[in-house]
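Commentary on secondary and tertiary structure
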Protein chains: 2
Amino acid sequence: MPYLPALLILLLTVTACVSPRSTTTEGAIPLARQGTFAVGGTVKRSPGTFDPVAHGAFNPGNQSTAGQTLHGDHAAVFYQLPARARELPLVFWHGYGQSMRTWQSTPDGREGFQTIFLRHRFPVYLLDQPRRGLAGRSTEPTTIAANTDDQLWFGIFRLGVGTEFYPDVQFSRDPAALDQFYRQITPDTGPLNIDLNVAAVSALFDTLGAGVLVTHSHSGGQGWLAALENDNIRGIAAYEPGSNFVFAEDEVPEPIEYVGGTLRARGVPRATFERLTRIPIVIYYGDYIPDAPVDNPGQEQWRAAVAMARQWTEVVNAHGGDVTLVQLPDRGLRGNTHFPMSDLNNQAVAQLLLDWLAEKGLD
Amino acid sequence: MPYLPALLILLLTVTACVSPRSTTTEGAIPLARQGTFAVGGTVKRSPGTFDPVAHGAFNPGNQSTAGQTLHGDHAAVFYQLPARARELPLVFWHGYGQSMRTWQSTPDGREGFQTIFLRHRFPVYLLDQPRRGLAGRSTEPTTIAANTDDQLWFGIFRLGVGTEFYPDVQFSRDPAALDQFYRQITPDTGPLNIDLNVAAVSALFDTLGAGVLVTHSHSGGQGWLAALENDNIRGIAAYEPGSNFVFAEDEVPEPIEYVGGTLRARGVPRATFERLTRIPIVIYYGDYIPDAPVDNPGQEQWRAAVAMARQWTEVVNAHGGDVTLVQLPDRGLRGNTHFPMSDLNNQAVAQLLLDWLAEKGLD
């Protein structure tokens, strides 16, 4: 080495440096930091004094609780910070019966939003809401029934009807993909409590500072509530929000009836509602959502949700807000299920969000 | 730019390339791929025919199960592959009441084994065993009691006695660290079933091929059982294994009595047992484990575990095995709890494992 001409050394070094495609680091993401933490939550305390000698042995089902605590009801967060990170982090919040896995690999094994947005240099924060997944510790007991219900979710998640996929649906026909999709489901480990969930997400934004919240389905409505609590939420992207649309209490619209239920809006004081007019919001819905009533409940609740979202968009914007409602087929993206973030065209779905973030100065 | 002399461009490029410490990519890990998947598991089926129109609406507590399935009992895996990865992946398996969070950030927010070993270019696979954390879906029902028991675990996890830390324990005195530690606990979401757990981990090694298993506490004994099932497990590092030490059935030692319980060994046919003599195994225990009986159950079960591990090491090695039993204080590492991988000195603990992996040709 010491005898090589200096220029040759330079050339060799440069070759190694500027030709990443010829090395095994092709496409590697420079990951500066990653980790996990719990945020929010409560502490339950039992009266009395804990005696470590008398009660310090593991004795399942027959353990003295005297003087003991239980730390629960927190959210669990996994975060990744890329090198040369953009300023505003994206916080990804799953929907009903789901966990942070919604945003990780797709059921057919491709990259999900976690990795796609990390590659685009966003700090990414994935959360499990209180009493779900890695945040399983609840201060209140529950029973998990383990009832069979995959086909119910096949319908509600709009993969198809019964066991038949919709024609041209953006979901792999490899049976292993559907098997993986079902195995993303994970139960509540305590009673579902929206107030606890919103408090934990608000606590996360207290920790993070300014950021953008990305919600899915059941977290959509909870996301509006979190934004009412915390000004650090500087924008929201909501995939298929289903319930809890928030209106000023003197403008709450009529409930919407659909096959299987009734969708009611939520009223809050006008001054509170107006906070939702101060941040940019985008809402995305996928395909197979009819405009008029049908007999299939798996489509009906989304017909109601879109109808409510249309009214909400109009009202928030009439009060000076900045809500964009996108039905993906209108943008040329067809075949999307209730999970556009992990559908076969999820790169195109992600590009729409990237464009919106850029347009709103949130990137 | 086009007017800069070629050599100057080279020099600038080289500077950017060889001075990572002066850029924002300082310490960045080149991450080639990451993702999640489920592995193992069963499918529960209810008789009948699912009617998507009659039963396709969400109706909690009153849902027809006819003709439906439930995919459950799988493990959930999160993996990361660094650029220029080493050949053998490390598979990290949590202990009782824990999840993959055991291996992620430490309770005081430093890097855990996931990131430490990723920086050392190991492919890392973290798992949640069936019916735990992100693998929450169980085919059998359960009730989660939500009883207060933090102080019990404070003792069993050997942070101290009652609410008092051991002197010089390798655990942060920042109350936020203890709060985070307690919030790592997450409940079983179905009946604990060692056979299911072992089957899922064996299925993971079928998928991965050769690799090294890293266990903690309750997964220690399950790890021996997994190695009996799957030859792709080429080595095991066990942190504080507590039970299920496997002997040939004609060599099962006497049970060990301790304050709070009895530790029994497990017998298997000799030919099965002998598989454990064919792979290198290292076992680590931390501090505060007495040699003679004491009155504190939080220490007693580990006294029994170490005594059993000593006998096991002797027997496996007498049959040609390669087991190394390390009590960390003997290597100059003092103050370790039941969680050496996340204690304040976890970098030194990791270095011992790196050295062992190198010595056994597993790196």
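Presented here is a report on the structure given in the accompanying data block. Fair warning: this is a prediction, and the values are worked out from it, not measured in the lab.

What follows deals with the overall build of chain A. Broken down by element type, chain A carries ten helices and 15 strands. Taken along the three principal axes of its C-alpha coordinates, chain A extends 80 × 65 × 45 Å. Put simply, chain A has 363 residues, and 60% of those count as buried. Looking at chain A alone, contacts between residues at least 24 apart form 74% of all its contacts between residues at least 6 apart. When the 27 positive and 37 negative side-chain charges of chain A are each reduced to one mean point, those points stand 6 Å apart.

Moving on, we come to the environment of Gly-190 of chain A. Residues and elements named next belong to chain A. As for its position among the elements, Gly-190 is in the loop between helix 5 (175–182) and helix 6 (194–208). As a C-alpha pair, Gly-190 and Pro-269 span 79 residues in sequence and 30 Å in three-dimensional space. Apart from residues no more than four positions distant in its own chain, Gly-190 is found in contact with Arg-131, Ser-138, Glu-140 and Thr-142.

Turning our attention to the interface of chain A and chain B. Tallying the contact residues gives 96 residues for chain A and 96 residues for chain B. Carbon and sulfur atoms supply 58% of the area that chain A and chain B bury against each other, a total of about 7700 Å² over both sides. In terms of surface lost to chain B, no three residues of chain A exceed Leu-134, Thr-148 and Arg-183 of chain A, which account for 11% of the buried area on that side. At the junction of chain A and chain B, the tally comes to four salt bridges. Across the contact surface, chain A and chain B share 47 residue pairs in polar contact (both at pLDDT 80 or more). Looking at the side of chain A that touches chain B, its residues break down into 40 nonpolar, 43 polar and 13 charged. Strand direction decides the pairing type here: strand 1 (residues 29–45) of chain A and strand 1 (residues 29–45) of chain B, joined by three bridges, are antiparallel. If you follow Leu-31 of chain A over to strand 1 of chain B, its bridge partner there is Ile-29 of chain B.

The transform that puts chain A on chain B rotates by 180 degrees and translates by 0.0 Å along the axis, for an RMSD of 0.0 Å. Both chain copies can therefore be described as sitting about a two-fold axis. The residues that chain A uses at the interface reappear at the interface of chain B in 100% of cases, marking a shared surface.

Moving on to helix 7 (residues 218–229) of chain B. Over its twelve residues, helix 7 of chain B runs 18 Å from end to end, which matches the ideal 16 Å to within 8%, given 1.5 Å per residue. Taken together, the buried positions of helix 7 of chain B are His-218, Ser-219, Gly-220, Gly-221, Gln-222, Gly-223, Trp-224, Leu-225, Ala-226, Ala-227 and Leu-228 of chain B.

Quick look at helix 6 of chain A now. Residues and elements named next belong to chain A. Here helix 6 spans 21 Å end to end across 15 residues, near enough to the 21 Å set by a 1.5 Å rise per residue. For helix 6, every residue scored as buried is listed here: Leu-196, Asn-197, Val-198, Ala-200, Val-201, Ser-202, Ala-203, Leu-204 and Phe-205. The N-cap residue of helix 6 is Asn-193: its side-chain oxygen and the backbone nitrogen of Asp-195 are 3.0 Å apart. Trailing helix 6 by a residue or two, Gly-209 shows a phi angle of about 80 degrees, which is positive.

A few words on unusual backbone geometry. Residues and elements named next belong to chain A. The backbone phi angle of Arg-131 is positive, close to 70 degrees, even though this residue is not glycine. Relative to the assigned elements, Arg-131 resides in the loop between strand 4 (124–128) and strand 5 (142–144). Since its relative accessible area comes to 2%, Arg-131 is described here as buried. The backbone of Ser-217 shows a phi angle near 60 degrees, a positive value even though the residue is not glycine. By the element assignment, Ser-217 lies in the loop between strand 8 (211–216) and helix 7 (218–229).

Time to look at the pattern of salt bridges. All names here are of chain A. If you walk through the whole model with that rule in mind, you get 32 salt bridges over all chains. Between Arg-183 and Asp-179 there is a salt bridge, and its shortest N-O distance comes to 2.9 Å. For Asp-322, the salt bridge identified is with Lys-360, shortest N-O distance 3.1 Å. Placement of the pair is Asp-322 in strand 15 (residues 322–327) and Lys-360 in the segment after helix 10 (346–359), with a sequence separation of 38 residues. According to the relative accessible area criterion, Lys-360 is partly exposed, its value standing at 24%.

Another aspect to go through is the pairing of strand 4 (residues 124–128) of chain B. All names here are of chain B. In terms of residue burial, strand 4 counts as a mostly covered element, since five of its five residues are buried. Side-chain alternation along strand 4 places Val-124, Leu-126 and Asp-128 on one buried face and Tyr-125 and Leu-127 on a second face that is also buried. As judged from the five bridges shared by strand 2 (residues 69–82) and strand 4, these two strands associate in the antiparallel manner. Bridge pairing in strand 4 places Val-77 opposite Leu-127. Pairing geometry for strand 3 (residues 90–93) and strand 4, over four bridges, is parallel. Each bridged residue has a counterpart across the sheet, and for Leu-90 the counterpart in strand 4 is Val-124. With respect to chirality, the unit in which strand 3 leads through helix 3 (residues 113–119) into the neighbouring parallel strand 4 is right-handed.

Per the counting criterion, the structure on display carries 51 aromatic pairs over all chains. Both rings, one in Phe-78 of chain A and one in Phe-78 of chain B, keep their centres 5.3 Å apart while their planes meet at 75 degrees; by these two values the pair is edge-to-face. Taken together, the residues Phe-78 of chain A in strand 2 (residues 69–82) and Phe-78 of chain B in strand 2 connect one chain to another. You'll find Phe-78 of chain A and Phe-78 of chain B in the same group, each marked buried. Three or more aromatic residues link up through ring pairs in this structure, and these residues are Phe-58 of chain A together with Tyr-96, Trp-153, Phe-154, Phe-157, Phe-165, Phe-171, Phe-181, Tyr-182 and Phe-339 of chain B. Taking the ring centre of Phe-122 of chain B as reference, the NZ or CZ of Arg-86 of chain B above it sits at 4.8 Å.

Attention now moves to the pairing of strand 15 of chain A. One face of the sheet, then the other: side chains in a regular strand alternate in exactly this way. All names here are of chain A. Strand direction decides the pairing type here: strand 14 (residues 280–285) and strand 15, joined by six bridges, are parallel. Across the sheet, the residue bridging to Ile-283 is Leu-325, located in strand 15. Each parallel crossover has a hand, and for strand 14 linked through helix 9 (residues 297–318) to strand 15 it is right-handed.

Residues and elements named next belong to chain A. As for its position among the elements, Thr-139 is in the loop between strand 4 and strand 5. Judged by its relative accessible area of 12%, Thr-139 is buried. Here the side chain of Thr-139 touches Arg-131 through a polar contact of 3.5 Å, side chain to side chain.

Residues and elements named next belong to chain B. It is at 9 Å that the axes of helix 6 (residues 194–208) and helix 7 come closest, and there the two elements cross at 55 degrees. Accordingly, the angle class assigned to the pair helix 6 and helix 7 is oblique. The hand of the helix 6/helix 7 crossing is right-handed. Listed contacts from helix 7 to Ile-194, Asn-197, Val-198, Val-201 and Ser-202 of helix 6 are His-218, Gln-222, Leu-225, Ala-226 and Glu-229. For the contact of helix 6 with helix 7, the class distribution of residues is five nonpolar, four polar and one charged.

Turning our attention to the environment of Asn-193 of chain A. All names here are of chain A. One can find Asn-193 in the loop between helix 5 and helix 6. Assessed through its relative accessible area of 25%, Asn-193 is described here as partly exposed. Considering only alpha carbons, one finds Asn-193 and Ala-358, 165 residues apart in sequence, at a separation of 34 Å. In terms of polar contacts, Asn-193 uses its side chain to reach the backbone amide nitrogen of Asp-195, at 3.0 Å.

Reading the values: the criteria
Residues numbered from 1 in each chain as written. Chains lettered and ligands numbered in written order. Predicted model: local features only at pLDDT ≥ 70, side-chain atom pairs only at ≥ 80, totals over all residues. Heavy atoms only, no water. Helix = DSSP H or I, 4+ residues; strand = E, 2+ residues; numbered from the N terminus. Buried < 20%, exposed > 50% of the residue type's maximum accessible area, 1.4 Å probe, protein only. Contact = heavy atoms within 4.5 Å. Lys, Arg positive; Asp, Glu negative; His and termini not counted. Charge placed at Lys NZ, Arg CZ, Asp CG, Glu CD. Buried area = accessible area lost by both parts, 1.4 Å probe. Salt bridge = Lys/Arg side-chain N within 4 Å of Asp/Glu carboxyl O. Polar contact = N/O pair within 3.5 Å; in protein donor to acceptor, adjacent residues only side chain to side chain. Nonpolar A, V, L, I, M, F, W, Y, C, P; charged D, E, K, R; others polar. Pairing = 2+ DSSP bridges. Least-squares fit on C-alpha atoms with pLDDT ≥ 70 in both. Expected span 1.5 Å × (residues − 1). Right-handed = clockwise from strand over helix to strand, strands pointing away. Phe/Tyr/Trp six-rings, centres within 6.5 Å; stacked < 30°, edge-to-face > 60°. Lys NZ or Arg CZ within 6 Å of the ring centre and 35° of its normal. Axes fitted to C-alpha atoms, helices over the stretch in contact; angles between N-to-C directions. Parallel < 35°, antiparallel > 145°, perpendicular 65-115°, else oblique. Left-handed = near helix turned anticlockwise from the far one by under 90°.

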